[in-house]
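Observations on chain architecture
What follows is each chain in one-letter form.
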Amino acid sequence: MSFFVPRVSRRMLLATAAGTVLWPAVARALGVASAIRVHDHTTHTRIVLELSENVEFSIFSLADPYRIVADLPELDWTMEGNALAAPTGVVKAVRYGLFQPGRARIVVDLVDPALVKNAFVLPATGGTPNRFVIDLEKAPRDKFLAVAGPQHRIGGLAGAGTKPIPAKGLAEIPPEQANPKKLVVIDPGHGGVDPGAIGLSGVYEKTITLAAAKQLKSRLEATGRYRVKLTRERDLSLELGERREIARAAQADLFISLHADSIGNKTVRGLSVYTLSEKASDREAEQLAEQENNADSIIGVDLSHESQEVRHILVDLAQRESMNLATKLADRLIGELKREATLLRNGHRFARFVVLKSPDVPSVLIEMGYLSNRQDEAALKTEVYRGKLMAAVVRGVDTHFGVVQSARRD
Ligand code: ZN
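All figures in this text were calculated on a predicted structure; none of them were measured in a lab. (Residues numbered from 1 in each chain as written. Predicted model: local features only at pLDDT ≥ 70, side-chain atom pairs only at ≥ 80, totals over all residues. Heavy atoms only, no water.)

Quick look at the sheet that holds strand β10 (residues 130–138)
Hydrogen bonds along the backbone pair up the strands of a sheet, which may run parallel or antiparallel. Under the convention used in this document: A pair of strands is considered paired only if DSSP assigns at least 2 bridges between the two. For helices the rule is a DSSP run of H or I covering at least 4 residues; for strands it is a run of E covering at least 2, with both sets numbered from the N terminus onward. Think of each axis as a best-fit line through the C-alpha atoms, taken over the contacting stretch in the case of a helix, with angles from 0 to 180 degrees between the N-to-C directions.
Strand order in the open sheet formed by five strands is β5-β1-β2-β10-β9, and the pairing between neighbours is mixed. Whereas interior strands pair on both sides, the edge strands pair on one side only; in this sheet they are β5 (75–77) and β9 (114–122). On average, each strand axis in the sheet is inclined to that of its neighbour by 30 degrees, with strand direction left out of account. Pairing between β9 and β10: eight bridges, direction antiparallel. When the sheet's bridge partners are listed, Ala 114 is paired in β10 with Lys 138.

In structure tokens, the structure reads:
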């Protein structure tokens, strides 16, 4: 199948961001990507993406770890999975998928620093489809660093030099006030080029979190007491800061981020609820926060500019208030969730999750279980089990907002 939909302009994307529906399910794909290959040609390593259309692209590189990032218009990916892990030449792995509405991204993880020697689209001829080709040549680190960063983009994808949905733009969206219903923002962890944890059976964390988020949304809405917004409604990459900003801009009353963990020890299972703290409750919690915070380096976003801002936010008094509220909510969620699921010891944990750092929105992160544990993974893959967990979350949220037991409809 092939889509011929007019190119989405930057203005249209902003209009979308300002609308009531953040990610409309309208197909915007400009073409179909049907295969990706990597070849080692001794002097260079070649990446070939087969496409139904002749598209524009832009490419830049990122250091530490060495990566090449290629942006393309939104594509329909018909290949299995989101990654090609076979190391070939200078390439360690290639990941690809939807990056943002209107934008597809390929992230090439490099073994060694390498420069883009050539990048072009070969038009289709006869039975051969259009091919997007990137040739990479090994280079010394100093040469790589001299041209690293999005400011050194090459190629001509319209609007690629700017973020289509800037956090500031979102903050200017007028909040939907005068509505007595509490607004809950649900954040399905990971997405797009970032699959999150990968389960024993191969299931992606991003798939589980999105399914659970949709179930939670419909259960909260069914009470008639809540408005619900998802940070993403489909398989899409989002920066952690953007997830936070969506909640802040909408003036959410609560922010709930959903995740599922993975760990080397396959016997470990259980659910836990995290709230923000500058001090982690234990080393395990700290490692998990690092893993989750790392998502931004997976989707190829430079966060180095943000640490200062985040530090300032951290000392904000408003945050103390939000943290106290989040702590109370977490305890209530645990009280309900322990009736439905196995809990980790110390079910309520504290860690420095970037996604929880909204100064003014009480935020919690639920690790629903371990995809590295056979029982947890099997359960999380079922709608019934996720439904039980999400019903418990609704009860916890109800208690948090002082809804009396008898008023419950679920
Ligand atoms: Zn996660």
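Section: the confidence of the model for the chain
Stated precisely, the cut-off is as follows: Across the chain, each position has a pLDDT score giving the predictor's confidence in that residue, from 0 to 100. Residues are treated as being in contact if the distance between any of their heavy atoms lies within 4.5 Å.
A residue-level look at the chain finds 78% of positions with pLDDT of 70 or above and a mean pLDDT of 79. The low-confidence segment residues 1–27, where pLDDT is below 50, has 52 contacts with residues more than four positions distant or belonging to other chains. Throughout residues 406–410 the model reports pLDDT below 50, and contacts reaching past four residues in sequence, or to other chains, amount to eleven contacts.

Topic: the environment of Glu 245
For Glu 245, the location among the structural elements is in helix α5 (residues 240–249). Expressed as a C-alpha distance, the spacing of Glu 245 and Val 355, which sit 110 residues apart in the sequence, is 9.5 Å.

A closer look at the packing of aromatic side chains
Rules: Stacked, tilted and edge-to-face pairs are distinguished by plane angle, under 30 degrees for stacked and over 60 for edge-to-face with tilted covering the rest, among Phe, Tyr and Trp rings (Trp via its six-membered ring) whose centres lie within 6.5 Å. Note on exposure labels: buried denotes an accessible area under 20% of the residue type's maximum, exposed denotes more than 50%, and partly exposed covers the range between, all computed with a 1.4 Å probe on protein chains only.
Within this structure, the stated rule accounts for five aromatic pairs. Plain terms: the ring middles of Tyr 66 and Phe 144 are 5.0 Å apart, the flat faces sit at 80 degrees to each other, and that makes the pair edge-to-face. One end of the pair, Tyr 66, is in the loop between β3 (58–62) and β4 (67–73); the other, Phe 144, is in helix α2 (residues 141–146), with 78 residues separating them in the sequence. Here Tyr 66 falls in the buried class, since its relative accessible area comes to 16%. Of the residues examined, Phe 144 reaches a relative accessible area of 0% and is grouped as buried.

Overview of the packing of helix α4 (residues 205–222) against helix α11 (residues 383–400)
Selection criterion: Note that the term roughly parallel is reserved for angles under 35 degrees, roughly antiparallel for angles over 145, roughly perpendicular for angles of 65 to 115, and oblique for everything else. Left-handed is the label given to a crossing in which the near helix is rotated counterclockwise from the far helix by less than a right angle, and right-handed is the label when the rotation is clockwise. For this classification, Asp, Glu, Lys and Arg are treated as charged, while Ala, Val, Leu, Ile, Met, Phe, Trp, Tyr, Cys and Pro are nonpolar and the rest, including Gly, are polar.
At a closest axis distance of 9 Å, the pairing of α4 and α11 adopts a crossing angle of 50 degrees. In terms of axis orientation, α4 runs oblique to α11. In this structure, the crossing between α4 and α11 has a hand that is right-handed. Here Ile 208, Ala 211, Ala 212, Gln 215, Leu 216, Arg 219 and Leu 220 of α4 come into contact with α11, specifically with Glu 383, Arg 386, Gly 387, Met 390, Ala 391, Val 393, Val 394 and Val 397. Tallied by class, the residues present in the contact of α4 with α11 amount to ten nonpolar, two polar and three charged.

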